[in-house]
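Descriptive structure summary
These are the residues of each chain, in order.
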Amino acid sequence: MSEAIAEIPPRVPLSGVPVAPPLPDSGLKALTKKELAADHPTWCPGCGDFSVLALYFKLIEKRKLQHDNFVSIAGIGCSSRFPYFVQAHGVHYIHGRALPFATGISLSRPDLHVFVFGGDGDAFSIGGNHFTHTARKNVKLTYVVMDNWVYGLTKKQTSPTSPLGFKSKTDQWGAVDYPINPLKQAIAAGATFVARTTSTNPNHVLAMMEAAMDHDGFSFIECLSECVEFYEGAFDAANPRKGGMFMEVPKNHDTSDEVNAYQLAGADFPGYFGIFYNINKPTKNAKEADINKAAMEKVKGLKDWQILQKNFDRLR
Ligand SMILES: Cc1ncc(C[n+]2csc(CCOP(=O)(O)OP(=O)(O)O)c2C)c(N)n1
Ligand code: SF4
Ligand SMILES: [Mg+2]
């Protein structure tokens, strides 16, 4: 594991907002994979998403999360089928709309770990604006995008991360539109934790998920996850077992340096893996909790109907 990973500061609440307790010392029993697995995943044999699911189970087991400590939310796509396969609270929501739904849960239930999963189409096409706005609001949740550079569920259309020249059902002569860079987009939008990993490196995926979960803010992970059906071999260049290279973010990279993070994110494929950016700044959760607290002080001692009456009077 790189120094960058080991150096992640402990999670510190920025306001009076309760954060999930450090469960390893809680004396609770870790859930087993059997207690966490729901339906058998319907993904194609060899799909990279299997590995992400297995590591999510590992994370929950390692951190001794209980069924009522976390929630898994997703949009639509092969990757977004994720919550079906987890025996826990979760939602398979509308295409591209997982983040606003998750924001509501995060704001109303600060005691939960909110994990959101999805694909590159769900995150950056139809859900593109929600991605930007959830990042800029610094909502406390972890977003794992299983990026396979293609729309898998709908059988091979060009996605916003498909490279130039990619032949698909929507680009029979090869993609002509420049792909987005998810890391740059996240940093520019205001995400406070930005990391990249690949499903073929399980230890690294787990380390990134753990660091993201401990981050008090919007944590984003781009996880390369091969679609063996419609984009076979897309990430071979990032896989040493296929003759590629897995290069970690340089150990001396200052993860609070936005400009440097942006530069590293722009490296040609296969690029770097690890934590590019990690800063602490007040979350939407903390700010809204402060506002709520101040508002409650103002109506202290009043009955609910009196508070309602006050509001109606104000609207006259
Ligand atoms: C509003 C709406 N538009 C389009 C679709 C069709 N659709 C379903 S999944 C998907 C793209 C999925 O791609 P991605 O998010 O990359 O997930 P993957 O299947 O690759 O994991 C599309 C276009 C839909 N379900 N709803
Ligand atoms: S179509 Fe691709 S992304 Fe979907 S399950 Fe199959 S291999 Fe995975
Ligand atoms: Mg995809």
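One structure accompanies this document, and this report is about it. (Residues numbered from 1 in each chain as written. Chains lettered and ligands numbered in written order. Predicted model: local features only at pLDDT ≥ 70, side-chain atom pairs only at ≥ 80, totals over all residues. Heavy atoms only, no water.)

**Some thoughts on the site of ligand 1**
Near ligand 1 you find 16 residues, and of these Cys78, Ser79, Asp122, Gly152 and Leu153 are the closest. Between Cys78 and ligand 1, the recorded distance is 2.8 Å, taken from a backbone N or O atom to an oxygen atom. One nitrogen or oxygen atom from the main chain of Gly152 is found 2.9 Å from an oxygen atom belonging to ligand 1. Broken down by secondary-structure element, the contributors of at least two residues to the shell around ligand 1 are α5 (120-124) and β5 (150-151). Of the residues assigned to the shell around ligand 1, the class counts are 6 nonpolar, 8 polar and 2 charged. (Near = heavy atom within 4 Å. Polar contact = N/O pair within 3.5 Å; in protein donor to acceptor, adjacent residues only side chain to side chain. Helix = DSSP H or I, 4+ residues; strand = E, 2+ residues; numbered from the N terminus. Nonpolar A, V, L, I, M, F, W, Y, C, P; charged D, E, K, R; others polar.)

**Structural notes on the packing of helix α6 (residues 128-137) against helix α7 (residues 182-189)**
For the pair α6 and α7, interaxial distance at closest approach is 8 Å and the crossing angle is 45°. The angle between α6 and α7 falls in the class oblique. Contacts between α6 and α7 pair Phe131, Thr132, Ala135 and Arg136 from the former with Pro182, Gln185, Ala186 and Ala189 from the latter. For the contact of α6 with α7, the residue count by class is 5 nonpolar, 2 polar and 1 charged. (Axes fitted to C-alpha atoms, helices over the stretch in contact; angles between N-to-C directions. Parallel < 35°, antiparallel > 145°, perpendicular 65-115°, else oblique. Contact = heavy atoms within 4.5 Å.)

**Regarding the site of ligand 2**
The environment of ligand 2 is made up of Trp43, Cys44, Cys47, Cys78, Asn148, Gly152, Cys227, Val228, Glu229 and Phe230. Its residues placed into classes, the shell around ligand 2 shows 7 nonpolar, 2 polar and 1 charged.

**Quick look at the packing of aromatic side chains**
Tallied over the full model, the rule gives 22 aromatic pairs. Relative to Tyr231, the ring of Trp149 has its centre 5.9 Å away and its plane inclined at 65°; by these criteria the two rings are edge-to-face. Of the two residues, Trp149 is situated in the loop between β4 (141-147) and β5 and Tyr231 in the loop between β8 (218-224) and β9 (247-248); the sequence distance between them amounts to 82 residues. This pair shows no difference in class: Trp149 is buried, exactly as Tyr231 is. Relative to Phe269, the ring of Trp149 lies with its centre 4.9 Å away and its plane at 65°, an arrangement referred to as edge-to-face. Taken together, the residues span a long stretch of sequence, with Trp149 in the loop between β4 and β5 and Phe269 in the loop between α9 (258-265) and β10 (272-278) at a distance of 120 residues. A cation over a ring is seen here: Arg196 above Phe273, with NZ or CZ 4.3 Å from the ring centre. (Phe/Tyr/Trp six-rings, centres within 6.5 Å; stacked < 30°, edge-to-face > 60°. Buried < 20%, exposed > 50% of the residue type's maximum accessible area, 1.4 Å probe, protein only. Lys NZ or Arg CZ within 6 Å of the ring centre and 35° of its normal.)

**Here's the deal with the coordination of the magnesium ion (ligand 3)**
Note on the magnesium ion (ligand 3): its protein donors are Asp120 (OD), Asn148 (OD1) and Val150 (O). The metal-donor distances range over 2.1 to 2.2 Å. Ordering the donors of the magnesium ion (ligand 3) by residue number gives the pattern D-x27-N-x1-V. Note that Asp120 is positioned in helix α5 and Val150 in strand β5, a separation of 30 residues in sequence. With respect to class, Asp120 is no different from Val150; both count as buried. (Donors = N, O, S within 2.8 Å, 3.2 Å for Na, K, Ca; no water.)

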